[in-house]
Amino acid sequence: MSSIVDELSKYFSVPFNEVLDYKYTVINNSVVNVTGYKKIINYSTQFVTLSVKKNELIIEGENLKIKELDKGNIVLVGKIYKIYLSKES
Amino acid sequence: MFRNVYRVKIKGLNLDRLINYIMQNYKSYNLKRIAYDELEVELGYKSYNNLLLKIDTSCYNITVEKTFGIKFFLNKLKQSIALIISTSICLSFVCYLNTRLLKINIYGAKESTIQEIYKVLNQNNIKTFKSNKIELGNLEQDILQNVSEISLVSAVIKGNVLIINVKEKLPDVKIDYADFVAPYNLIIEDIECYQGTLLKNKGNLVKAGETIIGAYTINANGEKTSVKPIYKLDATTYFSGQVEFNEIETKLERTGKKIVNSCYNIFNCDFLKINKSNKFALYDEETKEVKLFNNLFLPLTVKKQIYYELKEVKIEHNFEEEKELYLQKSKQCAMEKLPQGLVVSNTIQEVIDGGSTKLIQTYLEVKIKLTND
């Protein structure tokens, strides 16, 4: 799969790896923008668990609120303490 | 404001599944988990309606918390007809006022001219609350033609006010062609005429009102031309006063006897009338009206008619003793006739003897100088 993607990336001169992968951006410990996630496993005001590739992206914080929710794109707002990956069970 | 959004509260179990469903199908904003079974989310107008069709309402309880957007505002407006009507009335009234004249200001003219200008405006049907579409050029022409005392006009409309600026004509310079007329009876001592026609000469006695210099000249061809008289006049005039002296003077004196008639009056009704007949041959009459209660509301008045008996008393005067007094009285009488600003140069007094009656006369001689050079 990765080889096909690599071939396509070379052919089109577009980094498909980066496009197809998930990506998260943290701004000032108060805003997190995650793109390329699959689904929301769990959501509460203290933590949000997102399914990304074969892992889980866990965002811990306080007063977490979803500012924008779209297919493959989520913007979380609140006090962010931790962002870490864990293996999907 | 222009985005039509529902803020919705969803109650139910397994909300994470619902969030994933929303994430897959719609765009949502400000999603907040209030409790494990309660969620608050903002959805677009179409997304919300689609969600209502797709969602199982028996599992989830959906309540609309708030609505935003122009669509909802218009829907609310539809419900309040009174507000729409009043707003439209206000708007139409404002639009109507914009096409009307609210005030007419006229500057630079006196009251009589302003009245004439208003007449012209009325003729052109220009009044307050009439249309403000006016041909200003025509109006200016009309005012110039119809109002005689105006030399310049400018008319401007600023907003709802018609401003008319006016420049009045300068007053015509009137040349005084009046004859020079004697102000008093006078004797001409000296006269010099620089312009005009001399009608009286030195030494002439002129009565008040007679023309001394005519306001014209006659040239060699006999043509009459009006001119302003220019002259220098020295004259003498006299002002007289006289007093009569009688050696025996008859005076009337009250004897002390009197008859009093009285009558009380309230609200124009007379009562308690005392009416005695007057028996005196010579009498003096006096009437009085006295309010009895000055500070009260009761208008009770007393009318009194008093007849005083008089008798004749003869007083003998000695002229030599009272001569000075009568001379002074005579002078005073003459002085009263003297116009202000004239100075007396000589005083002549004489006594004309007529037996028991004497006439004391005073003449005030006044030198006057008149010129308009």
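Coordinates for the structure precede this section.
Structural notes, computed from the coordinates. (Residues numbered from 1 in each chain as written. Chains lettered and ligands numbered in written order. Predicted model: local features only at pLDDT ≥ 70, side-chain atom pairs only at ≥ 80, totals over all residues. Heavy atoms only, no water.)

1. Side note on the overall build of chain A
- Secondary structure assignment for chain A yields two helices and six strands.
- Ordering the α and β elements of chain A from the N terminus gives α-α-β-β-β-β-β-β.
- Within chain A, buried positions represent 31% of all 89 residues.
- Of all intrachain contacts in chain A linking residues separated by at least 6 positions in sequence, the fraction that spans at least 24 positions is 41%.
- Carbon and sulfur atoms make up 53% of the accessible area of chain A, which totals about 5,700 Å². (Helix = DSSP H or I, 4+ residues; strand = E, 2+ residues; numbered from the N terminus. Buried < 20%, exposed > 50% of the residue type's maximum accessible area, 1.4 Å probe, protein only. Contact = heavy atoms within 4.5 Å. Areas by Shrake-Rupley, 256 points an atom, 1.4 Å probe, with all protein chains shown as cover.)

2. Things to note about the side chain of Lys 200 of chain B
Residues and elements named next belong to chain B.
- Structurally, Lys 200 is set in the loop between β10 (197–198) and β11 (205–206).
- Within the structure, Lys 200 has its side chain in polar contact with the side chain of Glu 210 (distance 2.8 Å).
- When near neighbours in sequence (up to four residues on either side) are disregarded, Lys 200 contacts Ile 188, Ile 191, Val 206, Glu 210, Thr 211 and Ile 212. (Polar contact = N/O pair within 3.5 Å; in protein donor to acceptor, adjacent residues only side chain to side chain.)

3. Structural notes on the environment of Arg 100 of chain B
Residues and elements named next belong to chain B.
- The topology assignment puts Arg 100 in the loop between α4 (81–98) and β5 (103–107).
- Through-space distance from the C-alpha of Arg 100 to that of Val 161 is 9.0 Å; in sequence the pair is 61 residues apart.
- In this structure, Arg 100 is in contact with Phe 129, Lys 130, Ser 131, Asn 132 and Asn 160, ignoring residues within four places of it in sequence.

4. Points about the packing of helix α3 (residues 70–79) of chain B against α4 of chain B
Residue and element names in this part refer to chain B.
- Their axes nearest at 5 Å, the elements α3 and α4 cross at an angle of 95°. The angle between α3 and α4 falls in the class roughly perpendicular. Along its contact with α3, which presents Leu 77, Lys 78 and Gln 79, the element α4 presents Ile 81, Leu 83 and Ile 84. (Axes fitted to C-alpha atoms, helices over the stretch in contact; angles between N-to-C directions. Parallel < 35°, antiparallel > 145°, perpendicular 65-115°, else oblique.)

5. Let's talk about the sheet that holds strand β12 (residues 211–214) of chain B
All names here are of chain B.
- With antiparallel pairing, three strands are arranged side by side in an open sheet as β8-β12-β10. Of all strands in the sheet, those bounded by a partner on one side alone are β8 (180–181) and β10.
- As defined by bridge partners, β8 adjoins β12 across two bridges and the pair is classed as antiparallel. Pairing of Val 181 across the sheet is with Thr 211, part of β12. (Pairing = 2+ DSSP bridges.)

6. Digging into the interface of chain B and chain A
- The interface of chain B with chain A comprises 14 residues on the first partner and 17 residues on the second.
- Buried surface at the junction of chain B and chain A, summed over both partners, amounts to about 1,400 Å²; 53% is from carbon and sulfur atoms.
- At the boundary of chain B and chain A, one finds one salt bridge.
- Lys 27 of chain B is the salt-bridge partner of Glu 68 of chain A, the closest N and O atoms lying 3.8 Å from each other.
- Where chain B touches chain A, the interface holds nine residue pairs in polar contact (both at pLDDT 80 or more).
- The element best represented in the side of chain B that touches chain A is strand β2 (residues 28–35) of chain B, accounting for six residues.
- Taken together, the three bridges between strand β5 (residues 55–70) of chain A and β2 of chain B define a ladder with antiparallel strand orientation. (Buried area = accessible area lost by both parts, 1.4 Å probe. Salt bridge = Lys/Arg side-chain N within 4 Å of Asp/Glu carboxyl O.)

7. Considering helix α7 (residues 319–337) of chain B
- Over its 19 residues, α7 of chain B extends 26 Å from the first C-alpha to the last, a length consistent with the 27 Å expected when each residue adds 1.5 Å.
- Three or more residues of α7 of chain B are buried, namely Phe 319, Tyr 326, Leu 327, Ser 330 and Ala 334 of chain B. (Expected span 1.5 Å × (residues − 1).)

8. Some points on the pattern of salt bridges
Residues and elements named next belong to chain B.
- Per the stated rule, a full pass over the model turns up ten salt bridges over all chains.
- For the salt bridge of Asp 353 with Lys 358, the shortest nitrogen-to-oxygen distance reads 3.6 Å.
- On the accessibility criterion, Asp 353 (55% relative accessible area) is exposed.
- Close ionic contact of Lys 367 with Glu 365 constitutes a salt bridge, the shortest N to O distance being 4.0 Å.
- A single network of salt bridges, built from pairs that share partners, joins Glu 247, Asp 353 and Lys 358.

9. Considerations on the packing of helix α5 (residues 111–123) of chain B against helix α6 (residues 136–146) of chain B
All names here are of chain B.
- Where α5 meets α6, the axes come as close as 10 Å, and the angle between the chain directions of the two elements is 130°. On the basis of the axis angle, α5 is oblique to α6. Seen from above, α5 lies across α6 with right-handed handedness. Residues Glu 116, Ile 117, Val 120, Leu 121 and Gln 123 of α5 pack against Leu 139, Asp 142, Ile 143 and Asn 146 of α6.
- Looking at side-chain class alone, the contact of α5 with α6 contains five nonpolar, two polar and two charged residues. (Left-handed = near helix turned anticlockwise from the far one by under 90°. Nonpolar A, V, L, I, M, F, W, Y, C, P; charged D, E, K, R; others polar.)

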